[in-house]
Protein chains: 2
Amino acid sequence: MKILCTKNDLLSGINIVLKAVPTRTTLNILECILIDTTSGEIKLTANDMELGIETIIKGEVSDKGLIAINAKIFSEIIRRLPEGDVEISTDDSFNVNIKCGKAKFNISGRDGSEFSFLPNVEKERSIYISQFSLKEIVRQTLFSINENDNNKIMTGELFKIIGNRLRVAALDGHRIAIRELELKEDFGEMEVIVPGKTLGEISKILTGGLEDIVKIYFTRNHIVFEFDKTTVVSRLIEGQYFSVEKMVSSDYSTKLKINKKELFSCIERASLLVEVDKKPIVMNIEGSTLKMDIVSSMGSMEENLEINKEGNDIVIGFNPKFFIDALKVIDDEEISIYLSGAKHPCVIKDDDNSYNYVILPVSF
Amino acid sequence: MKILCTKNDLLSGINIVLKAVPTRTTLNILECILIDTTSGEIKLTANDMELGIETIIKGEVSDKGLIAINAKIFSEIIRRLPEGDVEISTDDSFNVNIKCGKAKFNISGRDGSEFSFLPNVEKERSIYISQFSLKEIVRQTLFSINENDNNKIMTGELFKIIGNRLRVAALDGHRIAIRELELKEDFGEMEVIVPGKTLGEISKILTGGLEDIVKIYFTRNHIVFEFDKTTVVSRLIEGQYFSVEKMVSSDYSTKLKINKKELFSCIERASLLVEVDKKPIVMNIEGSTLKMDIVSSMGSMEENLEINKEGNDIVIGFNPKFFIDALKVIDDEEISIYLSGAKHPCVIKDDDNSYNYVILPVSF
């Protein structure tokens, strides 16, 4: 195999597929990046058997072939090359020669045909969304998954489509995050659970442009994301997701509107005092005031925020972290909070139902 | 005590003195920042008994007094306050009230008179240098101290003045870094050892302006840095520093000039291969070429750099880290390297002797 490409194109490609190289594995070949030029293009692939990424980079192929190279060594060498054209050539013993400017490297590769190629999934049913929207949706929900849960389902996110509406949900037992998005075309009905890790890694690769499209294919066991010159294939999590619809009640006895930034920084201040004792923050909603009155072993704090309230007065306690996490990702200047009593979940949502953040209260 | 100042002024002042708050101490009062307004100005002080910092911030004092407040809690509270004016008031029981916008905090302080004030050092002999120069000198030498050495002297830097020349040196047993600077005035002779920690912390506080002056006072046991509204007092390290003059030989049998950036990135690439086996990099200097020929368990690398050589050919091995550290802080585009044999130290220096980096070779 012999190829010629620029250092920067090669490095960008490596950085994309690196996201699918497992940090620990017993299968050595998975620690490699595959360079596959059999089709005449330069395709880089990495695959940890759950998540696989391939991307095509610009360059010339003067001799077609396959080679697998240890991802860590390969990426470190390319990173440290001077700017300019890189020539990579291999021989029959899988020796890899890398030349760039005055630098010449020789490292051992592996037989590319031993590599675990990405599964060949049938690409039938797909939706289109912008890279920007996908990135936003993930940012606004992923914090609510339960990373270390024994329940595998909680480590993923629900992607559910009904007609032309995509709903993405994540929950960890204490809170739920739901985002909804309108699709350009009607899709029918579909429901899958996508691993949180896949979504996290994709977010890092997406450039995030409003005009740049991601095509998402759904199959029985896989989800495929196609964008730019990159394809991401991920296994789905098996099982039935929770009925989040049932968990988000539309009944409420108190509705309040409040400035998001003021509430956010007030809770940040309050959390400073309560985090030592691991106590909840208590919100006292009375008339047109949200009163935060915190006493802890560290000291005390008092702050009154103006609110616009409908319904009953209420005193309710929360883990401040869950409020901070949700408020961080909401872009609205003013938010609406719906409450139904000190023991019932609180819902932060907008009028369009484009987002729903449900937070369970704690007793105090 | 009662003061009024802006959040930003207060936070800047806190961030300066925080550098002298010990992370671990058995003396609780040292974990505090002292607010001292007895002179009519707002002075913040922290002191870990080796290093003490005080700084004066803008603001109004409406009631003079002293209060010591836990540095961690105080800084976290002020950091999270909204922008605007902060009012801090205390009562006879050392309760501290902090008000800013709608937020009100109440925390317990401590009797400020129990605080360990900075030592009162006689400020007689001083030099002036620019903040920029001090920051540069520290950056260009501090990496060569030996942080964990049993030899306390190696954890500090030599500050030596002869006439109008300041020499700053650091060494760790494998290398020496020396910077020299011309002073505006003649000072006589003086030699002290300044703790590396002091210099590191000062570097973080200095704004680094070419026009901003630091006044440095030397006393028997202390060094004092005065700049802007800040005073830093540090204990000196006792003892006699090594005679660095004797370690820097001016004899050489090979002198070579080389492009710094090319050498730097070549060594960076080479170090990638040798760091697995912890082997040295070997430079083969022959004619007008510096040949780097690396073979390790990871692979091999070959690179020839053009040099301008006077004197003998030579083959010499180095720990790449020491070369990388020195080349990182040298600003010259072309550097001169002086060699006297494979077992003798290598010296990188400029013609003015403004810097000298001495690196011991290793056998290979």
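The structure displayed is predicted, hence computed values, not measured ones.

**Focus: the overall build of chain A**
Part 1 of the argument: When helices and strands are tallied, chain A shows 7 helices and 27 strands.
Part 2 of the argument: Projected onto its principal axes, the C-alpha coordinates of chain A cover approximately 80 × 50 × 35 Å.
Part 3 of the argument: When the 364 residues of chain A are sorted by exposure, 53% land in the buried category.
Part 4 of the argument: For chain A, the computed accessible surface area is about 16900 Å², with 45% contributed by carbon and sulfur atoms.
Part 5 of the argument: The distance from the centre of the 45 positive side-chain charges to the centre of the 57 negative ones in chain A is 4 Å.

**Points about empty space enclosed by the protein**
Residues and elements named next belong to chain B.
Part 1 of the argument: Enumeration according to the criterion identifies 2 cavities of 30 Å³ or more in this entry.
Part 2 of the argument: If you go around the largest cavity, the residues you meet are N47, M49, E50, L51, G52, L118, P119, H222, V233, S234 and R235.
Part 3 of the argument: When residues of the lining of the largest cavity are traced back to their parent elements, those giving at least two are β4 (51–57) and β18 (230–235).
Part 4 of the argument: Top contributing element to the lining of the largest cavity by residue count: β18, with 3 residues.
Part 5 of the argument: Considered class by class, the residues forming the lining of the largest cavity number 5 nonpolar, 4 polar and 2 charged.
Part 6 of the argument: One number sums up the size of the second largest cavity: a volume of about 30 Å³.

**Considering the interface of chain A and chain B**
Part 1 of the argument: In this assembly, 27 residues from chain A lie in contact with 28 residues from chain B.
Part 2 of the argument: Taken together, the two surfaces of chain A and chain B that pack against each other cover about 2400 Å², and 56% of this comes from carbon and sulfur.
Part 3 of the argument: For chain A, the biggest contributors to the area lost against chain B are R80(A), K102(A) and R269(A); these three give 30% of the whole.
Part 4 of the argument: Ionic pairing is found between E302(A) and K104(B), a salt bridge with its closest N-O pair at 4.0 Å.
Part 5 of the argument: Counting every contact that joins chain A to chain B gives 12 residue pairs in polar contact (both at pLDDT 80 or more).
Part 6 of the argument: Counting only elements with at least two residues in the side of chain A that touches chain B, the list comes to α2 (71–79), β9 (103–108), α6 (260–277) and β22 (299–306) of chain A.
Part 7 of the argument: Split into classes, the residues belonging to the side of chain A that touches chain B amount to 12 nonpolar, 5 polar and 10 charged.
Part 8 of the argument: Pairing of β22(A) with strand β9 (residues 103–108) of chain B involves 4 bridges; the strand directions are antiparallel.

**Re the sheet that holds strand β27 (residues 355–359) of chain A**
Residues and elements named next belong to chain A.
Part 1 of the argument: Spatial strand order, β15-β12-β13-β14-β27-β26-β25-β19-β23: 9 strands in an open sheet with antiparallel pairing. The strands lining the two open edges of the sheet, one partner per strand, are β15 (189–195) and β23 (308–311). Strand-to-strand, the axes of this sheet are offset by a mean angle of 15°, without reference to chain direction.
Part 2 of the argument: Of the strand pairs in this sheet, strand β25 (residues 334–339) and strand β26 (residues 346–349) are connected by 2 bridges, and their pairing is antiparallel. Residue pairing for β26: I337 is matched across the bridge by I348.
Part 3 of the argument: The strands that α6 touches are β19 (254–259) and β25; relative to β19, the one it contacts most, it runs at about 90°.

**Here's the deal with the side chain of T231(A)**
Part 1 of the argument: Structurally, T231(A) is set in strand β18 (residues 230–235).
Part 2 of the argument: Not counting the four nearest positions on each side in its chain, T231(A) is found in contact with G52(A), I53(A), E54(A), L118(A), V224(A), F225(A) and E226(A).

**Re the environment of I213(B)**
Residue and element names in this part refer to chain B.
Part 1 of the argument: With respect to the element layout, I213 can be found in strand β16 (residues 213–218).
Part 2 of the argument: Sequence separation of I213 and K343 is 130 residues, and the distance between their C-alpha atoms is 43 Å.
Part 3 of the argument: Not counting residues within four places of it along the chain, the set of residues in contact with I213 comprises Y128, I129, S130, Q131, E226 and F227.

**What to know about the pairing of strand β2 (residues 32–36) of chain B**
One face of the sheet, then the other: side chains in a regular strand alternate in exactly this way.
All names here are of chain B.
Part 1 of the argument: Judged by how many residues are buried, β2 sits mostly within the fold: 5 of 5 residues are covered.
Part 2 of the argument: Of the two faces of β2, the one holding C32, L34 and D36 and the one holding I33 and I35 are both buried throughout.
Part 3 of the argument: Of the strand pairs in this sheet, β2 and strand β6 (residues 66–70) are connected by 5 bridges, and their pairing is antiparallel. In the strand pairing of β6, I33 is matched with I69.
Part 4 of the argument: Bridging between β2 and strand β3 (residues 42–47) involves 3 bridges; their strand directions are antiparallel. Of the residues in β3, the one forming a bridge with I35 is L44.
Part 5 of the argument: The hairpin formed by β2 and β3 contains 5 residues between the paired strands, and G40 there has a positive phi angle of roughly 95°.

**Focus: the relation of the copies chain A and chain B**
Part 1 of the argument: For the pair chain A and chain B, the superposition axis carries a translation of 0.0 Å, the fit reaches an RMSD of 0.0 Å, and the rotation angle comes to 180°. What the rotation and shift describe, once combined, is the action of a two-fold rotation axis. Within chain A, K204(A) has its C-alpha nearest the rotation axis, a separation of 16 Å.

**Quick look at the packing of aromatic side chains**
For any pair of aromatic rings, the description rests on two quantities: the centre-to-centre distance and the angle between the ring planes.
Part 1 of the argument: Within this structure, the stated rule accounts for 14 aromatic pairs over all chains.
Part 2 of the argument: Across the ring face of Y338(A), the terminal group of K349(A) is positioned such that the distance to the ring centre comes to 4.9 Å.

**Considerations on α6(A)**
Residue and element names in this part refer to chain A.
Part 1 of the argument: A rise of 1.5 Å per residue sets the reference length of α6, with its 18 residues, at 26 Å; its end C-alpha atoms lie 26 Å apart and thus fit the reference within 8%.
Part 2 of the argument: Along α6, the residues that are buried comprise K260, L263, F264, C266, I267, R269, A270, S271, L272, L273 and V274.
Part 3 of the argument: The opening residue of α6 is N259, an N-cap whose side-chain oxygen sits 3.0 Å from the backbone nitrogen of K261.
Part 4 of the argument: K278 sits one or two positions beyond α6 and adopts a positive phi of about 50°.

**So, the sheet that holds β6(B)**
Residues and elements named next belong to chain B.
Part 1 of the argument: Spatially, β10-β6-β2-β3-β4-β18-β17-β16-β11 is the arrangement adopted by the 9 strands of the open sheet, whose pairing is antiparallel. In this open sheet, the two edge strands, each paired with only one partner strand, are β10 (110–111) and β11 (125–130).
Part 2 of the argument: Note: β4 against β18, 5 bridges, orientation antiparallel. Bridging across to β18, T55 finds its partner in T230.

**Re the pattern of salt bridges**
Part 1 of the argument: Per the counting criterion, the structure on display carries 48 salt bridges over all chains.
Part 2 of the argument: Taking the shortest distance from any N to any O, the salt bridge between K102(A) and E262(B) comes out at 3.2 Å. With one member in each of two chains, K102(A) in the loop between β8 (95–100) and β9 and E262(B) in helix α6 (residues 260–274) form a pair that bridges those chains.
Part 3 of the argument: Of the charged contacts in the structure, one is a salt bridge between R165(A) and E182(A), with a shortest N-O distance of 3.7 Å. Separated by 17 residues along the polypeptide, R165(A) in strand β13 (residues 165–171) and E182(A) in strand β14 (residues 175–182) bring together distant segments of the chain.

Rules used throughout
- Residues numbered from 1 in each chain as written.
- Chains lettered and ligands numbered in written order.
- Predicted model: local features only at pLDDT ≥ 70, side-chain atom pairs only at ≥ 80, totals over all residues.
- Heavy atoms only, no water.
- Helix = DSSP H or I, 4+ residues; strand = E, 2+ residues; numbered from the N terminus.
- Buried < 20%, exposed > 50% of the residue type's maximum accessible area, 1.4 Å probe, protein only.
- Areas by Shrake-Rupley, 256 points an atom, 1.4 Å probe, with all protein chains shown as cover.
- Lys, Arg positive; Asp, Glu negative; His and termini not counted.
- Charge placed at Lys NZ, Arg CZ, Asp CG, Glu CD.
- 1 Å grid on protein atoms, 1.4 Å probe; cavity = no way out; pocket = protein on both sides within 12 Å on 5 of 7 lines; lining within 4 Å.
- Points joined across faces, edges and corners; volume = space filled by probe spheres on them.
- Nonpolar A, V, L, I, M, F, W, Y, C, P; charged D, E, K, R; others polar.
- Contact = heavy atoms within 4.5 Å.
- Buried area = accessible area lost by both parts, 1.4 Å probe.
- Salt bridge = Lys/Arg side-chain N within 4 Å of Asp/Glu carboxyl O.
- Polar contact = N/O pair within 3.5 Å; in protein donor to acceptor, adjacent residues only side chain to side chain.
- Pairing = 2+ DSSP bridges.
- Axes fitted to C-alpha atoms, helices over the stretch in contact; angles between N-to-C directions.
- Least-squares fit on C-alpha atoms with pLDDT ≥ 70 in both.
- Phe/Tyr/Trp six-rings, centres within 6.5 Å; stacked < 30°, edge-to-face > 60°.
- Lys NZ or Arg CZ within 6 Å of the ring centre and 35° of its normal.
- Expected span 1.5 Å × (residues − 1).

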